[in-house]
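Fold and contact review
Next come the chains, spelled out residue by residue.
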Amino acid sequence: MELNRRTVIAGAAAAGVAATAIGGTAHATGGRTPVKSLFGKLADGTKVYRWSLANGGTKLKVLSYGGIVQSLEIPDRHGKYKNVSLGFDNIEDYVASSPYFGALIGRYGNRIAKGRFTLDGTAYQLSVNDGENTLHGGAKGFDKRVWDVEPFTKGSDVGLHLHYTSAADEQGFPGTLKVKVTYTLTEHGDWRIDYEATTDKATVVNLTSHVYWNLAGEGSGSVYDHELKIAAARYTPVDSGLIPTGELAKVAGTPFDFRRTKTVGEDIRVANQQLLYGQGLDHNWALDEGITAKPEHAATLRDPSSGRTLKIATTEPGLQFYSGNFLDGTLVGTGGHIYRQGDALCLETQHFPDSPNHASFPSTVLRPGQTYRTSTVHTFDT
């Protein structure tokens, strides 16, 4: 008999316990405080720790380096667990060659054209690390910083508070930015991310998470057969450098129309200039709900082979869908398999790329006395 994930969890909850995994299958066990272990050391001797936590049928492992989700395990329709996020089994590969696997991204997720913007009449030049552009905060963004991690339990929830202070002018960004990111596993197995930041000088901020998803299990092959639906009627077309042109284009009649559920690979080989620019899908969808006070549904991803389903809700106005186009067979993941093009995809909740240079886009400016707050919730099911 096939097991529905919610049925398994509900049964465990009725017994006053949370579902987790032992030996790769669903098993009921009591909740516990996150466990800290040494994962490795950086070249300068700095220790990198891994925090392991489980709740509501979801198992999560997080590194102090980059706030990286090193693994995220959920069950399939039969209760069998697999890690559904790409990553490495050692710190050396994360430092040397990671394409942002599982990382916290900042100060600015996505691209800023030529690494330049002007704020309050002052021009700023950022670290440039993607051709002539700034990508994901520059050459040493938040993904390459060691975060302070504080575990917590609150009621039936368990989680981690991650703290990092970004010094004034770090990677060229103005102001000292104090950041707090909270990872929470709920009693239902949802993974929630709450971002907060304050600054002592006007700056721009756009934080996100860069998990590479393969709901069939990392290293299992292409995600082109995954089924995806995105709640967005418009997207932001890009130029050859993947910088938005400023247009909010309709998805209707294009490969970017995911308003109805379709497979990731259905239109990925269509002759379309935008797909040529990104060597596949690597674009920002302008979510129908826009900025919201509480997380609203943005996307649903499903692997038909396992039944694993991911639903994403967010307060953010945008979603960057990246179809793993630049995975080139040179990286070996946690399960010992080589990652190739299309072996995972990213669904990054965010403000729009290059917003500091587009007055018509939702603003990413943060000023002293304000608090940056966004939230994203990942719900898993079968």
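Worth saying up front: this structure is predicted, and the values here are computed from it rather than measured.

Broken down by element type, the protein chain carries three helices and 31 strands. On C-alpha atoms alone, the protein chain measures out to a radius of gyration of 20 Å, which is about the 21 Å that the 2.2 N^0.38 rule sets for 382 residues. Its C-alpha atoms give the protein chain principal-axis dimensions of about 60 × 50 × 40 Å. For the protein chain, the residues scored as buried account for 57% of the 382 residues in total. Considering only residue pairs separated by 6 or more positions, the protein chain has 65% of its internal contacts joining residues 24 or more positions apart. Carbon and sulfur atoms provide 49% of the accessible area of the protein chain, an area that totals close to 14900 Å². Across the protein chain, 38 positive and 40 negative side-chain charges occur, with their mean positions spaced 3 Å apart.

For the rest of this paragraph, the subject is the pattern of salt bridges. Under the counting rule described, the total for this entry stands at ten salt bridges. Residues Arg-260 and Glu-266 are paired through a salt bridge, measuring 2.9 Å at the closest nitrogen-oxygen approach.

Here we come to the environment of Asn-325. Counting through the fold element by element, Asn-325 comes out in the loop between strand S26 (318–322) and strand S27 (331–332). The exposure class assigned to Asn-325 is buried, which follows from its relative accessible area of 4%. Spatially, the C-alpha atoms of Asn-325 and Leu-345 are 8.6 Å apart, while their sequence positions differ by 20 residues. A distance of 2.9 Å separates the side chain of Asn-325 from the backbone oxygen of Gly-278, its partner in a polar contact.

Right, let's get into the sheet that holds strand S29 (residues 346–350). The sheet built from five strands is open, its strands ordered S21-S20-S23-S26-S29 with antiparallel pairing. Pairing within the sheet leaves two strands with one partner each, and these edge strands are strand S21 (249–250) and S29. Note: strand S20 (residues 234–236) against S21, two bridges, orientation antiparallel. Each residue of the ladder has a partner; that of Arg-234, found in S21, is Lys-250.

Consecutive side chains along a regular strand alternate between the two faces of the sheet. The buried fraction of S26 is high, at five of five residues. Of the two faces of S26, the one lined by Gly-318, Gln-320 and Tyr-322 and the one lined by Leu-319 and Phe-321 are each fully buried. With five bridges joining them, strand S23 (residues 282–286) and S26 adopt antiparallel strand pairing. By the bridge assignment for S26, Trp-285 is matched with Leu-319. The sheet contact formed by S26 and S29 spans five bridges and is antiparallel. Paired with Gly-318 across the two strands is Gln-350, which belongs to S29.

Turning to unusual backbone geometry, a few remarks are in order. In this structure, Arg-107 follows Gly-106 across a cis peptide bond, with omega equal to 0°. Within the fold, Arg-107 resides in the loop between strand S8 (103–105) and strand S9 (111–112). Even without being glycine, Tyr-100 reaches a positive phi, approximately 70°. As for its placement among the helices and strands, Tyr-100 is situated in the loop between helix H2 (91–97) and S8.

Another point: the packing of aromatic side chains. Applying the stated criterion across every chain yields a total of 21 aromatic pairs. Considering the side-chain rings of Trp-213 and Phe-380, the 6.0 Å spacing of their centres and the 55° angle between planes classify their relative orientation as tilted. One end of the pair, Trp-213, is in the loop between strand S18 (208–210) and strand S19 (227–230); the other, Phe-380, is in strand S31 (residues 372–381), and 167 residues separate them in sequence. In terms of burial, Trp-213 and Phe-380 fall into one category: buried. The interplanar angle of 80° and the centroid separation of 5.2 Å between the aromatic rings of Phe-352 and Phe-361 together place this pair among those described as edge-to-face. A residue is classified by how much of its surface remains accessible, and Phe-352, at 4% relative accessible area, is buried. Against the face of Tyr-49 rests Lys-36, its NZ or CZ located 4.2 Å from the ring centre. Geometry around Phe-258 places Lys-262 over its ring, the cationic atom sitting 4.5 Å from the centre.

Thresholds, definitions, all that
Residues numbered from 1 in each chain as written. Predicted model: local features only at pLDDT ≥ 70, side-chain atom pairs only at ≥ 80, totals over all residues. Heavy atoms only, no water. Helix = DSSP H or I, 4+ residues; strand = E, 2+ residues; numbered from the N terminus. Rg over C-alpha atoms; globule rule 2.2 N^0.38 Å. Buried < 20%, exposed > 50% of the residue type's maximum accessible area, 1.4 Å probe, protein only. Contact = heavy atoms within 4.5 Å. Areas by Shrake-Rupley, 256 points an atom, 1.4 Å probe, with all protein chains shown as cover. Lys, Arg positive; Asp, Glu negative; His and termini not counted. Charge placed at Lys NZ, Arg CZ, Asp CG, Glu CD. Salt bridge = Lys/Arg side-chain N within 4 Å of Asp/Glu carboxyl O. Polar contact = N/O pair within 3.5 Å; in protein donor to acceptor, adjacent residues only side chain to side chain. Pairing = 2+ DSSP bridges. Phe/Tyr/Trp six-rings, centres within 6.5 Å; stacked < 30°, edge-to-face > 60°. Lys NZ or Arg CZ within 6 Å of the ring centre and 35° of its normal.

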